[in-house]
Amino acid sequence: MAAVLKKRALAEYSTQVLEQQPPVKKLKCLVKLSALTAGATLSLVNTIGGRKTPNEIIQILIQILEQLQFQDSDVSNILIKLSDHFKLQTDSTVKMLIFSVLSAIGSSDETSEINVYKIIDEIITLLKEVKSQKIKTSGLKTLLALGKRMNHDMALHLRLTNYAKQTLEDYRPNITCGSLEVIGELMPVKIPQESLEIHSEMLKLIGSYTQHYNAKTRSNAFNTMVRLHDRGIRLNPAVYLDVCSVINDDNEIVREAALNVISVLGNYYPEERIKGTNGEEMARMSDEAFENICNFMTDISYRIRTQAAKLLGTFLSVSTSVLLKTLDQTLMSNLRRKRTSIERVWECLAKGTAMMSALSTKDTPQEMLDAHQVSLVSTGASGAYLHGLEDEFLEVRIATISSMCSLATRHSEFAVVAMEFLVDMFNDEIEEVRLIAIESLVKLSYASGLRDDQVEIILAVIEDSSSVVREGLHNIFASFELLNQEGLMMCTNRLIESLKKYPEDKKSIWNCMKNLGLRHPILTLALVPELLAIHPMFETPEPNVEEPSYVSVLILVFNAASKCNSIISLLEDKTIKHYSYLKDIMPHLVPSLQLGGRVSISLVELRPTASDSSKSLELLQSLINQVSIVKGSTKVKISLLETFYQNLISLAQLDHSVNGTAELSALYMHSQLLLNKVLNNNNKTFYSNAVSTHQANNVRTNISQLLQHTLKMQYLFVGLSVQELASIKQFKLKVISLLLVYIVNATNQSARALCHYFLTQLEDTIKYITEHELQLETFTSIVFKELSQLEESKPGIVAKLLLPILQNSEPTPPPKPNTNIKMCKVIINRPQGGPDTTHKLSAGLILPIPLNAELYSLQTDSSSLLRLKIKYPDQQTHLIMPSKNHLRLVNLSSEPYYLLDTNALISHRSEWSEPCFVELSLAFDLTETEGALAHVLPPTQPCIVDLCKPVKLKVHPKPVRRGM
């Protein structure tokens, strides 16, 4: 029976999987794809003459576009034939496709410049006889594409620009838009001095099309002006008044394009003196353009309001007086200041008119006022930013906040006023708006400190449900200066209350406390007795140094003491002991203090120093060197590896500076030991599957563990050098070859996919080592040499060849130490887990469990592999992919990390008789990247690599309550 099973295992099967698929529409292929050669395009063009219907010609032209294959010598013939077909055809779609083919041929690198000129000449000739708007527009697009390819030929660009100028006489919208686009992209910038009038004439011509009857043409005219200005053909500042006369267009796209022109002029000619819109006083163009754009903060379209807010942020040279008007809360009526009756009386007295005439006009209807008496220059900016901050669309509010921030960083006086309104935006109902307001306020920390009323507003939202918002608020207090002791005490108390409610904010709050102490040493000095509960007569109980709230206070006091030595004299002996402890466990938060000999000497001596780290690295290097130079039998090497493995584990736990490279070396040695154990103790397993179930399960478990170790070395460690990656790849080949031998000789599973995967990995490894000019290991070299001589790479033959090579292979030493190596680690802050709390849910429904975790040394590319792993008591395992928005980078300490704040969705269909534990953890899902290894060893999951120990939650699904 064993021989029969072995024969079946070595046999090759041709399996067929029949999948029922929906019916597919079939298209008639007019030319066989296999017939395509280097001159296939010319052959396809020759077949057009034999086609009678436009649909058949369209199919051939589409096929030419999809599979363009030609030689430069064929371009002339192709051009002649396509030109003849263009003249004979009446279908507009065919003519447009012919232009598309000519564009593709002319844009190809295979086409010489001479042939490109021929194509351009032929297209211009063909367009002379064209009257269709669609065809002419397509021809202009083709000329534009070919002109961009010949970007070095100014004479050609001038010729194409003049042709586009001629086509502008055709007032049809699509043609004028295409012509304007050609002019905007191809108009030569560098021309002789005597021809500079061409630029002014062209700009004047384009300006005339801002009065076109079609809105799209008017918009393209403005866009062309901006494009020419960006390319170096500067607009005349006199154009400003012409643009202002048409800026209040009825169409949204025209107003949007006109705003861009005003912004360009205002930023490029900031000091140009022009007449204001009232026609009386002269004003700076930057101020005038700024106020004109402010008028559009009340536009009917939210897109225009958003764009206006963004453009306002680009006016960095605007006057501070004009800028302050945007936050003016003066009573306005239709963006005009409403004068009081007393002001009108004083104005009449100054003019010598009657007082009663001034008072009688206070209720004059709006339509009776003269519009020319209203000066938009003086009132257009009034309250503009206030309108944006109170807009109903979040896009407008976000753009307004960003614009205010960019201007406030250049104008300190404006920054002080803007802070008032940015603080008010913390109460916005949209989280994204609150975050933008917080980030903007942090950038203005240079301008002024926070008053008590502002501190109260910020503290009112300190317990926001979003961890990102809370961290942003902590960053505000870390960046600003508080003005008095009351504000500092109020801030400290509320931060401690927030820490008790959200323990996962511990690091953010501690970093905030550190900066508060550094910025407010004098204020902290007066609060030390109250913060540390120091009584002048009685000795108070010693607080628990592990309590996060007490640690927060100590961080505040110790950092203030580094700036103010008077604080040290107020500290009690127990506080000094706590300082020594905290300085050891969190040196990045607690500074070094001159305590006058009060510190414990034993703790100081135990602190790790740079010399200790270098000694640890030397020890690690000596251990690996001893493994490399040892001589003797394989058993001697194995025993030495076992000893060194234990030493590396101890070293990784003692010194964090070499933690990453020590753990990699230990994992590499442990994998070597496990591989040798499988090969030496289970020889029978690789020759027959007639072994005990217990022995087979042991082999399966060991191989699965080997795969896990290999994938951990490949995916969990960052900072690996080329040599280390090469060693890991070659060890992975050993493990895959061992797995292949086991599947073929000891199971009835098909090994075709695994064999293909092994050969692919071997090829990639050889290529990688060759590219980096490294040396192959003995095992890899022999396998590659033997497999290259095989005629067939069937699994049975490959496994038979690999087994003796594996059995004769010797353990390889781990890579050399590298202090840049870090291992990805995860710390789950929430939930805590344990048997005290039972989470109840109805069977079949979903219970969201808030999860907060810190991920250290996580590669950006590996974030797509991250999964929430939920394991139920019935051994079911669910993998949930967290949203990308829930993972963010945090830079609060010397070691940046990623913070995952999401919900783990727990659900089970059946009800349980009693509460059971559900394991929640984070893992990498390598099923897609290592697909061939995913299902070879059921029920194990070698492609699921755990990142941390699971948190056990007590869950009890109950039956669903049904209605009466």
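Residues numbered from 1 in each chain as written. Predicted model: local features only at pLDDT ≥ 70, side-chain atom pairs only at ≥ 80, totals over all residues. Heavy atoms only, no water.

Here we come to the confidence of the model for the protein chain. Looking at the protein chain as a whole, the pLDDT averages 82, with 84% of positions reaching at least 70. Long-range and interchain partners of residues 1-37, a stretch whose pLDDT sits below 50, account for 30 contacts in this model, where long-range means more than four residues apart. Every residue in residues 331-335 is under pLDDT 50, and counting partners more than four places away or in other chains gives 11 contacts. (pLDDT = per-residue confidence, 0-100. Contact = heavy atoms within 4.5 Å.)

What follows concerns the packing of helix H11 (residues 215-231) against helix H13 (residues 252-268). Put simply, H11 and H13 touch, their axes get as near as 8 Å, and they point 20° apart. Put simply, H11 runs roughly parallel to H13. By crossing handedness, the relation of H11 to H13 is classed as left-handed. Listed contacts from H13 to Ala215, Lys216, Arg218, Ser219, Phe222, Asn223, Met225, Val226 and His229 of H11 are Ile253, Val254, Ala257, Ala258, Asn260, Val261, Val264 and Tyr268. A per-class count over the contact of H11 with H13 returns 11 nonpolar, four polar and two charged. (Axes fitted to C-alpha atoms, helices over the stretch in contact; angles between N-to-C directions. Helix = DSSP H or I, 4+ residues; strand = E, 2+ residues; numbered from the N terminus. Parallel < 35°, antiparallel > 145°, perpendicular 65-115°, else oblique. Left-handed = near helix turned anticlockwise from the far one by under 90°. Nonpolar A, V, L, I, M, F, W, Y, C, P; charged D, E, K, R; others polar.)

Moving on: the side chain of glutamine 672. Checked against the element boundaries, glutamine 672 lands in helix H34 (residues 659-681). Here the side chain of glutamine 672 touches threonine 812 through a polar contact of 2.7 Å, side chain to side chain. When sequence neighbours within four positions are dropped, the list of residues in contact with glutamine 672 reads Leu641, Phe731, Pro811 and Thr812. (Polar contact = N/O pair within 3.5 Å; in protein donor to acceptor, adjacent residues only side chain to side chain.)

Position of leucine 841 among the secondary structure elements: in strand E6 (residues 834-842). Sequence separation between leucine 841 and valine 955 is 114 residues, and the spatial gap between their C-alpha atoms is 7.8 Å. Excluding residues within four positions of it along the chain, leucine 841 makes contact with Leu847, Ile906, Ser907, Val955, His956, Pro957 and Lys958.

With 20 residues, helix H37 (residues 752-771) should reach 28 Å at 1.5 Å per residue; the first-to-last C-alpha distance of 29 Å fits that figure. Within the sequence span of H37, burial applies to Leu754, Cys755, Tyr757, Phe758, Gln761, Leu762, Thr765, Ile766, Tyr768 and Ile769. Viewed along the axis of H37, the buried residues span an arc of 165°, placing them on a single side of the element. In H37, the exposed positions angled more than 90 degrees off the buried face are occupied by Ala753, His756, Glu763, Lys767, Thr770 and Glu771. Tucked inside the fold, the buried residues of H37 contact helix H36 (722-746), helix H38 (778-787) and helix H39 (795-808). Glutamate 773, located one to two residues past H37, shows a positive phi value of around 55°. (Expected span 1.5 Å × (residues − 1). Buried < 20%, exposed > 50% of the residue type's maximum accessible area, 1.4 Å probe, protein only. Arc of directions from axis to C-beta.)

Its location among the elements puts alanine 381 in the loop between helix H19 (376-379) and helix H20 (384-389). You can call alanine 381 buried: its relative accessible area is 0%. Not counting residues up to four positions away in its chain, the partners in contact with alanine 381 are Glu291, Cys294, Val322, Lys325 and Thr326.

Moving on to the side chain of asparagine 852. You can see asparagine 852 is positioned in strand E7 (residues 847-856). Assessed through its relative accessible area of 1%, asparagine 852 is described here as buried. Ignoring sequence-local partners within four residues, the contact set of asparagine 852 consists of Glu504, Ile827, Ile828, Asn829, Arg830, Leu899, Leu900 and Asp901.

Bringing the sheet that holds strand E5 (residues 825-830) into the picture now. Here we have four strands laid out as an open sheet, ordered E5-E7-E11-E10, and antiparallel in their pairing. Each of the sheet's edge strands pairs with one partner strand only, and the pair in question is E5 and strand E10 (887-890). Neighbour-to-neighbour, the strand axes of this sheet turn through a mean angle of 30°, independent of strand direction. Contacting E10 and strand E11 (897-906), helix H25 (residues 467-479) crosses the sheet at an angle of about 15° to E10. (Pairing = 2+ DSSP bridges.)

What follows deals with the pattern of salt bridges. Using the criterion set out here, one finds 29 salt bridges in the structure. Across the pair aspartate 464 and arginine 434 runs a salt bridge, and its minimum N-O distance is 3.2 Å. Taken as a pair, aspartate 464 in the loop between helix H24 (452-459) and H25 and arginine 434 in helix H23 (residues 431-443) lie far apart in primary sequence, 30 residues in all. The buried category is assigned to aspartate 464, whose relative accessible area is 12%. Arginine 434 sits in the buried class, given a relative accessible area of 11%. We note a salt bridge from aspartate 901 to arginine 830, for which the minimum N-O separation is 3.6 Å. (Salt bridge = Lys/Arg side-chain N within 4 Å of Asp/Glu carboxyl O.)

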